[in-house]
Amino acid sequence: MYGPFQKARHMLRGGAALVLALLLCAAMPARAAGVTAGGADQDTSARMLVPVGHTVGIKLFARGVMVVKAPESGTPADDCGLQTGDIIVKCGGVSVTSSEQFQSLLQENGETATDLQVRREGGSVTLSVSPEQNEKGAYCIGAWIRDSMAGIGTMTYYDPESGAFGALGHGITDADTALLMPFASGSILPSTVKAVKKGAIGEAGELRGDFDLATDLGDLYANTTSGVFGTLDPGEFTERLGDPMPVAAAGEVHAGPATILSNVEGDAVQEYDVEILQVVENAADGRDLVISVTDPELLAATGGIVQGMSGSPILQDGKFAGAVTHVLLNDPSKGYGILMETWLAAGDFTEDPGA
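All of the points below concern the structure found in this document. (Residues numbered from 1 in each chain as written. Predicted model: local features only at pLDDT ≥ 70, side-chain atom pairs only at ≥ 80, totals over all residues. Heavy atoms only, no water.)

1. What to know about helix α2 (residues 99-109)
Phase 1 of the analysis: Of the residues making up α2, those classed as buried are S99, F102, Q103, L105 and L106. Axial view of α2: buried residues confined to an arc of 160°, hence all on one face.
Phase 2 of the analysis: Just beyond α2, the residue with positive phi is G110, at close to 60°. (Buried < 20%, exposed > 50% of the residue type's maximum accessible area, 1.4 Å probe, protein only. Helix = DSSP H or I, 4+ residues; strand = E, 2+ residues; numbered from the N terminus. Arc of directions from axis to C-beta.)

Printed below as a string of structure tokens:
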């Protein structure tokens with residue numbers, strides 16, 4: 001698969017499976033930064049993690065199927081009250097695992113009214129839908145749905161003690177609804193950067209690359225607003241990673257020079273100069289740090305921060321400070337980052353994150 005994201009849509013009128021795009025480095029409008037943070041530090045500096053900075057392919061499969069477009073007036077989906085962003089988790093009491101399986105369940109039930117169990121805004125509702133036959137004789141409800149995503153992004157860290165990793169620095173969201181994709185399973189794959197579309201004012205650039213769908217490097221176990229998390233299988237990829245370094249506590253990160261690790265050409269990870277312009281207090285959605293790319297080589301290659309670089313580790317004063325998360329559309333040389341302290345808190349699960 002080629003490009004930082006690939007997408008397709010499937011309307012339940014008797015079609016094929018769905019693979020859709022994931023936004024691998026979010027684009028943000030410019031806005032005023034906050035004040036410098038000075039809160040109490042958590043004990044993260046004792047942790048030793050390997051900063052990675054290499055692109056990987058990412059496959060994610062949803063728990064249920066997501067309605068990604070408002071149903072057209074007069075369709076069964078519209079009549080029963082389905083809404084954009086609804087996640088269909090059961091059909092006729094049977095758990096929904098993919099768009100094809102959902103289509104099969106509708107064919108089995110025919111025109112018989114069928115209960116749909118739907119997750120909506122954190123709650124659960126039950127709707128009754130009566131499918132109709134289309135011109136090809138297939139039973140359908142007239143809902144556009146998605147069940148999976150695939151693309152490339154940057155792995156941020158690897159924990160050699162546990163085998164755990166984190167990537168992206170922000171969650172994988174549906175391209176149409178901007179909602180966090182409900183997580184069921186996923187994996188990461190080897191990736192190589194083939195080309196770069198440079199960023200420009202008003203238009204985010206992107207890394208373009210290949211990834212091998214036949215080879216898994218490890219499994220995902222969560223998709224959160226702060227990033228995706230999983231475990232790596234020991235092998236050639238882990239053997240090529242560098243040495244661990246201490247994680248900076250939030251109070252240690254400051255305005256001033258820093259570097260990022262990024263893979264913007266081929267298979268090579270390089271270190272580039274950036275400036276942390278500000279550490280933002282009480283930030284949300286991966287905007288703890290305001291950063292500016294100052295490295296002439298990176299500016300020449302990408303124009304600054306581009307899609308696919310999300311998750312690039314930020315290093316400062318010999319410590320692992322954070323990761324790149326967003327680019328500013330009005331100035332691609334600038335963007336936001338997430339503190340490692342925030343990142344690690346998001347990945348500290350005490351129960352099944354998909355429950």
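Next comes the rest of the description.
2. Quick notes on the pattern of salt bridges
Phase 1 of the analysis: Enumeration according to the criterion identifies 10 salt bridges in this entry.
Phase 2 of the analysis: K194 is paired through a salt bridge with D210; the nearest N and O atoms lie 4.0 Å apart. Taken together, the residues K194 in strand β13 (residues 183-197) and D210 in strand β14 (residues 206-211) connect sequence positions 16 residues apart.
Phase 3 of the analysis: Under the relative-accessibility criterion, D210 is labelled partly exposed at 32%. (Salt bridge = Lys/Arg side-chain N within 4 Å of Asp/Glu carboxyl O.)

3. Some thoughts on the side chain of D86
Phase 1 of the analysis: Within the element layout of this structure, D86 appears in the loop between α1 (76-80) and β5 (87-91).
Phase 2 of the analysis: On the basis of relative accessibility, which here comes to 1%, the residue D86 falls in the buried class.
Phase 3 of the analysis: One polar contact links the side chain of D86 to the main-chain amide nitrogen of Q83, over a distance of 2.8 Å.
Phase 4 of the analysis: In this structure the side chain of D86 is engaged in a polar contact, spanning 2.7 Å, whose partner is the side chain of R120.
Phase 5 of the analysis: Beyond its immediate stretch of four places on either side in the chain, D86 contacts V65, M66, V67, G81, V118, R119 and R120. (Polar contact = N/O pair within 3.5 Å; in protein donor to acceptor, adjacent residues only side chain to side chain. Contact = heavy atoms within 4.5 Å.)

4. Remarks on unusual backbone geometry
Phase 1 of the analysis: At L168, a residue that is not glycine, the phi angle is positive and equals roughly 80°.
Phase 2 of the analysis: For L168, the location among the structural elements is in the loop between β12 (164-167) and β13.
Phase 3 of the analysis: Backbone geometry at N282 places phi at a positive 55°, although glycine is not the residue there.
Phase 4 of the analysis: With respect to the helices and strands, the residue N282 is situated in the loop between β19 (268-279) and β20 (289-293).

5. Thoughts on the nonpolar core
Phase 1 of the analysis: Of all hydrophobic cores here, the largest spans 29 residues; its most connected members are V253, I260, I276, L289 and I314.
Phase 2 of the analysis: Every element with two or more residues in this core is listed here: β11 (144-158), β13, β14, β18 (256-265), β19, β20 and β22 (319-328).
Phase 3 of the analysis: Listed in part, the 27 residues of the second largest apolar core include I58, L60, Y158 and L220. (Core = buried A, V, L, I, M, F, W, Y, C linked by side-chain atoms within 4.5 Å.)

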